[in-house]
Amino acid sequence: MSSRPPIIINRLDAERLQRLIDQASDKDRFVADCLEEELERGEVIDPEDIPEDVVSMNSQVQFTDLTRNRQMIRTLVYPHALASTEDGISVMAPIGAGLIGLRIGDEIDWPLPGGGEARLRIDAILWQPEREGQFHR
């Protein structure tokens, strides 16, 4: 991987993500391993201290897949919430895992199963739980 900016992760998100990683099935192992690398290199802080420009779980994010020149708006959710979130993208999906902890303007080269790579850029955070005072969401 050529480019990975520093990331910041909400402590509660980190704990929940670690549980997902520990329970990942064989089919989710690739994404789980990538996500675990991110948790290990990320700065983990209390939810109340998360800056407003950081992608946390349940944030609605506008981002561009620069590899495919495609802009999207998605809400980063845990797998169990995917069915009930209209624009949801699971943190256990290859692209979803690449979003966590990034700041507006950050770009990341993110591995895809099968050997490909996507370059993602965070354009805006339209909604973030911490910004709205929802520290335990």
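Read on for a plain summary of the structure. (Residues numbered from 1 in each chain as written. Predicted model: local features only at pLDDT ≥ 70, side-chain atom pairs only at ≥ 80, totals over all residues. Heavy atoms only, no water.)

### Some words on the pairing of strand 4 (residues 70–77)
Bridge count between strand 3 (residues 60–65) and strand 4: six bridges; the pairing is antiparallel. Its bridge partner being in strand 4, T64 is matched across the sheet by Q71. Between strand 3 and strand 4, which follow one another and run antiparallel, lie four residues, and N69 among them has a positive phi close to 50 degrees. In terms of strand pairing, strand 4 meets strand 5 (residues 88–90) through three bridges, oriented parallel. Directly across from T75, in strand 5, lies its bridge partner G88. (Pairing = 2+ DSSP bridges. Helix = DSSP H or I, 4+ residues; strand = E, 2+ residues; numbered from the N terminus.)

### Brief notes about the side chain of D13
Within the secondary structure layout, D13 lies in helix 1 (residues 11–22). For D13, which is buried and forms no salt bridge, the nearest opposite charge comes from R16, at a distance of 4.1 Å. Reaching out from D13, the side chain makes a polar contact with the side chain of Y78 at a distance of 3.3 Å. Other than its neighbours up to four places away in sequence, D13 contacts S56, M57, Y78 and E130. (Buried < 20%, exposed > 50% of the residue type's maximum accessible area, 1.4 Å probe, protein only. Lys, Arg positive; Asp, Glu negative; His and termini not counted. Salt bridge = Lys/Arg side-chain N within 4 Å of Asp/Glu carboxyl O. Polar contact = N/O pair within 3.5 Å; in protein donor to acceptor, adjacent residues only side chain to side chain. Contact = heavy atoms within 4.5 Å.)

### Points about the pattern of salt bridges
The full count for this structure, using the stated rule, is twelve salt bridges. The closest approach of N and O atoms between R103 and D53, which form a salt bridge, is 3.1 Å. Separated by 50 residues along the polypeptide, R103 in the loop between helix 3 (94–99) and strand 6 (107–111) and D53 in the loop between strand 2 (43–45) and strand 3 bring together distant segments of the chain. Exposure remark for R103: the relative accessible area of 30% places this residue in the partly exposed category. Close ionic contact of D109 with R119 constitutes a salt bridge, the shortest N to O distance being 2.5 Å. Remark: R119 occurs in strand 7 (residues 117–127) and D109 occurs in strand 6; sequence separation between them is ten residues. Since its relative accessible area comes to 27%, R119 is described here as partly exposed.

### Concerning helix 2 (residues 29–41)
Taking 1.5 Å per residue, 13 residues should reach 18 Å; helix 2 reaches 18 Å between its end C-alpha atoms and fits that length. Among all positions of helix 2, only V31, A32, C34, L35, E38 and L39 are buried. Here the buried residues of helix 2 occupy an arc of 165 degrees about the axis, which is enough to place them on one side. Looking at the packing, one finds that the buried side of helix 2 touches strand 1 (8–10), helix 1, helix 3 and strand 6. (Expected span 1.5 Å × (residues − 1). Arc of directions from axis to C-beta.)

### A closer look at the side chain of Q62
Here Q62 shows up in strand 3. Reaching out from Q62, the side chain makes a polar contact with the side chain of Q71 at a distance of 3.3 Å. Beyond its immediate stretch of four places on either side in the chain, Q62 contacts Q71, M72, I73, R121, I122, D123, A124 and L126.

### With respect to the packing of helix 1 against helix 2
Between helix 1 and helix 2, whose axes approach to 9 Å, the crossing angle comes to 150 degrees. The angle between helix 1 and helix 2 falls in the class roughly antiparallel. For the pair helix 1 and helix 2, the crossing hand works out as left-handed. Side by side, helix 1 and helix 2 meet where A14, L17, Q18 and I21 of the first sit next to R29, A32, L35, E36 and L39 of the second. (Axes fitted to C-alpha atoms, helices over the stretch in contact; angles between N-to-C directions. Parallel < 35°, antiparallel > 145°, perpendicular 65-115°, else oblique. Left-handed = near helix turned anticlockwise from the far one by under 90°.)

### Overview of the environment of S84
Among the structural elements, S84 can be located in the loop between strand 4 and strand 5. With 32 residues separating them in the primary sequence, S84 and E52 have C-alpha atoms 25 Å apart.

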